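Chain and residue survey
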Amino acid sequence: MAVNLKGRSFLTLMDFSVAEVRHLLDLSHELKAKKAKGVHGGLLKGKNIVLLFEKTSTRTRCAFEVAALDEGGHVTFLDSASSQMGKKESLEDSAKVLGRFFDGIEYRGFKQEVVEDLAKFSGVPVWNGLTDVDHPTQVLADFLTIEEHVAKPLKKVKLVFAGDIRNNMAYALMYGAAKTGMHFLGLGPRSLYPSEEILTRVREAARLTGAQIELSDDINAVQGADVIYTDVWASMGEEAQIPERVLLLTPYKVTMEMVQKTGNPDLIFLHCLPAFHDFETRLAKDMKDKGYDIREVTDEVFRSKHSVVFDQAENRMHTIKAIMVATL
C-alpha cells in the first residue's frame, strides 16, 4: 500500500504508522544519495517555507534552509524579535496569517502546545524542530545514521540513552523506538525517570511492533548495546540546575569504560549536539572553574572510532528534506 503524507504535519513520531516512518527513512536515503551525486531538483519548487525560532539552533536552521534550497524552495527565517507572534498578536491569528503566505511552517521552541496550535490554525503542514517534550526530526536523522552504521535492521538494534531520561531527546527516541520495534534502554537515576503517563503511552505503541522499552539505573545494563546516545545534562534555560544535575548524572557520563561494558567492538556513539566533551566552550570553562564537570561524554569517546556524531548531524539535512518533500 502506497504511503501518501501530502498535507500532513510532523509534530511527533507518535502520529505516524510504522509504514509511514519507514517511508520517511527510505525517502531520506534516496534524497541523500541524490545529493551525493550532485543532483539538485525541483521537488520544492515554488514552495515558500517559514522557520519560526524561539530557541536558537545551528543544525536545525541550517538543515531546513539547505534542504529547502536543494529542492528549489524559498525560506524565510523569523526569530522572537522578528515577529509579533504571542506579543501583539495571538498565536491563532499569527498561524492563520502565516498559513496564507507560506506552504509550510517549522517551529522550534518550548511548548508542544504551540506547534500543535500552529498546525491546528494555519491550514498548512507544520514541522516540529524541537519542543520541551519532543524532537522528532532529530530522531529520524538518528535512525538514518544507525541504518548506515549498524549492520542489522532497526528492530534488532539495542539503543541505550544515558542521562536525563525525562528530557525531550529521550522521549523522542522512545517514541521512535516504539514505532520501529527497537530495543530502547533509558539509563539514568530513578529520580529522572519519565512519568508513568509517558511510559504507558509508549509501551502501548511498542506492543504493536514488539519494541522493548526499558529503564535502569545500573550501568551494567549497557551490555549488548549497539548504540549509546547521550545529551547535555541541562538544556537551554536550565543552567541553574547544573550543580544538581552534575551530582545526579556524573555516574552516567559516557566514558570508554561504559563503551567497553557493552562488549560490542562495533558499537556506535550518537549525540544530538552541541556536546560538552571538553572544556573549550565558555559554559564548560566557567562551570569547571566553579568545581563542576558538566561533560556528559568524555573527549576520548567523542573523538573515538565509535563516534559518528558528524554523520548524524549531516543527516538532519537529509531527513528534514524528506519530511518537507513528503508533506508538501
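A few points on the structure. Please read all numbers here as calculations on a predicted model, not as lab measurements. (Residues numbered from 1 in each chain as written. Predicted model: local features only at pLDDT ≥ 70, side-chain atom pairs only at ≥ 80, totals over all residues. Heavy atoms only, no water.)

1. Section: the overall build of the protein
For clarity, the threshold we go by: Secondary structure elements follow DSSP: runs of H or I of four or more residues count as helices, runs of E of two or more count as strands, with numbering from the N terminus. A radius of gyration in this sense is built from C-alpha atoms; the matching globule rule multiplies 2.2 Å by the number of residues raised to 0.38. Burial here depends on accessible area, computed with a 1.4 Å probe over protein chains only, as a share of the maximum for the residue type. Under 20% is buried, over 50% is exposed, and the range in between is partly exposed. Areas reported here follow the Shrake-Rupley algorithm with a probe of radius 1.4 Å; residue values treat only the protein chains shown as occluding.
Per the secondary structure count, the protein includes 12 helices and 9 strands. Against the 2.2 N^0.38 benchmark of 20 Å for 328 residues, the protein shows a C-alpha radius of gyration of 19 Å, consistent with a compact globule. Judged by the C-alpha coordinates and their principal axes, the protein covers about 55 × 45 × 40 Å. Considering the protein as a whole, with its 328 residues, one finds that 56% of them fall into the buried category. For the protein, the exposed area adds up to about 14,400 Å²; of that, 50% sits on carbon and sulfur atoms.

2. Remarks on the side chain of lysine 158
Selection criterion: Residues counted as positive are Lys and Arg, residues counted as negative are Asp and Glu, and His and the chain ends are not counted. Counted as salt bridges are all cases of a side-chain nitrogen of Lys or Arg within 4 Å of a carboxyl oxygen of Asp or Glu. Note on contacts: a residue pair is in contact if any heavy atoms of the two residues lie within 4.5 Å.
Mapping lysine 158 onto the fold places it in strand β5 (residues 158-162). Buried lysine 158, no salt bridge; nearest opposite-charge side chain is glutamate 214, N-O distance 5.6 Å. Among all residues touching lysine 158, those that are not within four sequence positions of it are His183, Leu185, Ala221, Val222, Gln223, Gly224, Ala225, Asp226 and Val227.

3. Section: the nonpolar core
Short version of the rule: Only buried Ala, Val, Leu, Ile, Met, Phe, Trp, Tyr and Cys residues count toward a nonpolar core, and they belong to the same one when joined by side-chain atoms within 4.5 Å.
Counting residues in hydrophobic clusters, the biggest one holds 64 residues, and the most contacted among them are Ile146, Leu159, Leu173 and Met324. By residue number, the principal contributor to this core is helix α6 (residues 168-180), which donates 9 residues. Beyond its immediate chain neighbours, meaning those up to four positions away, methionine 324 contacts Leu44, Ile49, Phe64, Ala67, Ala68 and Trp127. Val160, Leu185, Val222 and Met256 belong to the second largest nonpolar core, which has 21 residues in total.

4. A word on empty space enclosed by the protein
Left-over empty space is what a probe sized like a water molecule reveals as it rolls over the atoms. What counts, and what does not: Cavities and pockets were defined on a 1 Å grid built from protein atoms only: a cavity is a group of points that admits a 1.4 Å probe but offers it no way out, a pocket is an open group of points flanked by protein on both sides within 12 Å along at least five of seven lines, and a lining residue is one with an atom within 4 Å of any such point. Grid points are joined across faces, edges and corners, and a volume is the space filled by probe spheres set on the points. Nonpolar residues are Ala, Val, Leu, Ile, Met, Phe, Trp, Tyr, Cys and Pro. Charged residues are Asp, Glu, Lys and Arg, and all others, Gly as well, are polar.
As enumerated under the stated definition, the model contains 1 cavity of 30 Å³ or more in all. Its volume calculated, the largest cavity comes out at about 50 Å³. In terms of lining, the largest cavity is formed by Trp233, Ala234, Ile242, Arg245, Val246, Phe276 and Ile294. Broken down by class, the residue content of the lining of the largest cavity amounts to 6 nonpolar, no polar and 1 charged.

Any functional reading would require information beyond the geometric quantities listed.
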